[in-house]
Amino acid sequence: MSPIAVPVEVERDIEPHYIGETADALGDEKGNDYVTQLEASLDETEITKDLDRLREESDKLSGFSFRTHTFFKGGGRHMTLILGIFASIGGFIFGMDQGVISGALLFAPKDLSLTSGEESMVTGFMPLGGVLGATIGYPLNEWLGRKLSIIIACLFYTVGGILQADAHNFGMILSGRIILGVGLGLECTACPVYISESCTKRWRGGLVSLYQFMICFGLFCAYIVAAIFVHASGNWRYMLGSTLIFSSILLIAMLTLPETPRWLMRKGREAQSYKVWSIVRGFDTEEERIEFFIMRKTVERELEESKNRWVIMDLVRVHRCRHAAIFGTIIAILCQFSGINSINYYMATLMHEVGFSRVHAVYSSMIGSGTLLLFTIPAIYFMDRMGRRVLWLSLLPGVLVGCFIIGFSFRSSNLHTEEGIYIWGIITYYMFWGSGMGPYAWVLGSEIYPTYIRSEGMALVTWWTYIGNFITTYCFSKMKKAMTAPGIFIGFYGGFVTIAWFYAMFMMPETKDKTLEEIDALFSMSMPDLAKHNWESVKQTTDDLLHFRLKQVWKVQK
């Protein structure tokens, strides 16, 4: 049995609590699995009649977004991939910013006469802007939709990018960083949900993992850009301004891509939802027809039960939503406190501290970012074939080893030995983090919440992601002085990686190959019951390992 799989008997024992239900409302009556009931009572005649009606209504629609996609009349894989790739450009911009600021910090502080405190603010206040972006991302995602929220994020990118590239003093570059952060926070609440709500369950984990891959690709390309301009006059301005190219590409792309079918259905625009589904997914298979029908019925039920209530309070009041909120928040915090953004933002600075020249620090940073990019690819492939939990538990020990190697590199008395051990540690850390932790905050955050509260849930995940990002980057210099470099990498970051491993062992459910509606049932389990069943699974996995039944531990679904 896989260490991440929820046993079959557990899935049968799940007692879901749906929207608006509380312990008082339920009384002694057990909740019913609404999705299972729908699947058991499906009427092909009803489905066909319903889809025929929607097709007739959708044929009457006209509009720029729909006319743009006439090339993809058949829908399916090609359109889904195109949609996922363009939406993931937001991740590319996020990665670009991390890389270019790392290179720019070697040169901008001198040109702008920044103090060490101001330098920390320039680095750390971008994620603080991300907190604001995630906060406004909730109402914008809910009221205006995922598509328009991404477009607004692009406008923030543009303004912030121009300000920081043309900065002549501390106030100007700080303003640009904060505004850019608002765009990143808003985009991070919208893009993963946009991808998740638009693709089939078989590709959902892989396409949302593509978002993390694009972050890594952006990070790698940022160091290439930094290397290109490192000898130019005003090099850091070109580095920071390079993100404007890609925010423009994302803006143009989103003007031509459709809104998600689930959001359209929630707003009562059934015919448009049908039209988008036919473009992105198609109705050629019975599975697609049934999934659309179930999605429609589930959304209708959610809307009916959420009337006249402050829906965001369900993250506290309703067990199923509260469970998802706690889990998503903890995963987001643990990912940030593993040290990834401190290493990303200060990579060139740390390279310089261990002995590299400023120019060589920029060049050498491509080694680490290239490793992260390369080892994010397995996550895209195995995420939906092996599962989320098995990769997390299998690869996090490697992240811990990387933290130890990085920490010990600063204890070396020989300069060349210190440089070599540090590069070794960075490569080891990125190898395992890219596949083991990288995509999970976005993948899990985009799929663990019910449709009616997904905007709020994803905003919460993004909010805590940027809070963790801000704390670890803004305080990094001070923490490194107080705790020493070995202390912060081995004790602090290594300690949080260890906590993340044990937390996943007991509390991480498996969401692989489940529809978004089936995940509702999974998160309706109580936390003690989930921990108990996960522990039984761990004991079985331990027995499999001791008897070398490795295929039972790491099953790859074809």
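Residues numbered from 1 in each chain as written. Predicted model: local features only at pLDDT ≥ 70, side-chain atom pairs only at ≥ 80, totals over all residues. Heavy atoms only, no water.

Student: I'm lost on the overall build of the protein in this one. Help?
Tutor: The helix and strand tally for the protein stands at 31 helices and zero strands. Per-residue burial over the protein gives 61% buried out of 558 residues. Considering only residue pairs separated by 6 or more positions, the protein has 84% of its internal contacts joining residues 24 or more positions apart. Only carbon and sulfur atoms are counted for the fraction: they give 63% of the accessible area of the protein, which is about 21,200 Å². (Helix = DSSP H or I, 4+ residues; strand = E, 2+ residues; numbered from the N terminus. Buried < 20%, exposed > 50% of the residue type's maximum accessible area, 1.4 Å probe, protein only. Contact = heavy atoms within 4.5 Å. Areas by Shrake-Rupley, 256 points an atom, 1.4 Å probe, with all protein chains shown as cover.)

Student: Got a minute to help me understand the pattern of salt bridges in this structure?
Tutor: Oppositely charged side chains can pair when the atoms bearing their charge come close. Applying the stated criterion to the full structure yields 16 salt bridges. For R53, the salt bridge goes to E270, with nearest N and O atoms at 3.4 Å. Taken as a pair, R53 in helix α4 (residues 44-59) and E270 in helix α16 (residues 270-280) lie far apart in primary sequence, 217 residues in all. The salt bridge partner of E291 is R281, with a shortest N-O separation of 2.9 Å. Of this pair, E291 sits in helix α17 (residues 286-305) while R281 is found in the loop between α16 and α17, placing the two residues 10 residues apart along the sequence. Take E291: its relative accessible area is 7%, and that puts it in the buried class. For R281, a relative accessible area of 7% puts it in the buried group. Beyond isolated ion pairs, a larger network of salt bridges with shared partners links D50, R53, E57, E270, R296 and E300. (Salt bridge = Lys/Arg side-chain N within 4 Å of Asp/Glu carboxyl O.)

Student: Can you help me understand the nonpolar core in this one?
Tutor: Grouped burial of nonpolar side chains is what soluble globular proteins tend to show. Core analysis: the largest hydrophobic core is formed by 139 residues, its most contacted members being F94, W236, W392, Y429, Y430 and F489. Per element, the largest residue contribution to this core is 13 residues, and it comes from helix α12 (residues 201-229). Setting aside anything within four residues of it in sequence, one finds W392 in contact with I331, C335, G436, M437, Y440, A500, W501, A504 and M508. Counting 11 residues, the second largest nonpolar core, distinct from the first, contains M265, W277, M295 and V299. (Core = buried A, V, L, I, M, F, W, Y, C linked by side-chain atoms within 4.5 Å.)

Student: I tried to follow the state of the cysteines on my own but got confused; where do I start?
Tutor: All chains considered together, the criterion is met by zero disulfides. The closest cysteine sulfur to the non-disulfide-bonded C154 is located on C191, 7.8 Å from its own sulfur. Overall, the relative accessible area of 0% leaves C154 in the buried class. (Disulfide = S-S within 2.5 Å.)

Student: How should the side chain of S338 be read in this particular structure?
Tutor: Tracing the backbone shows S338 in the loop between α19 (319-336) and α20 (340-345). Residues in contact with S338, not counting those within four places in the same chain, are C403, Y429, W433, M437, Y493 and V497.

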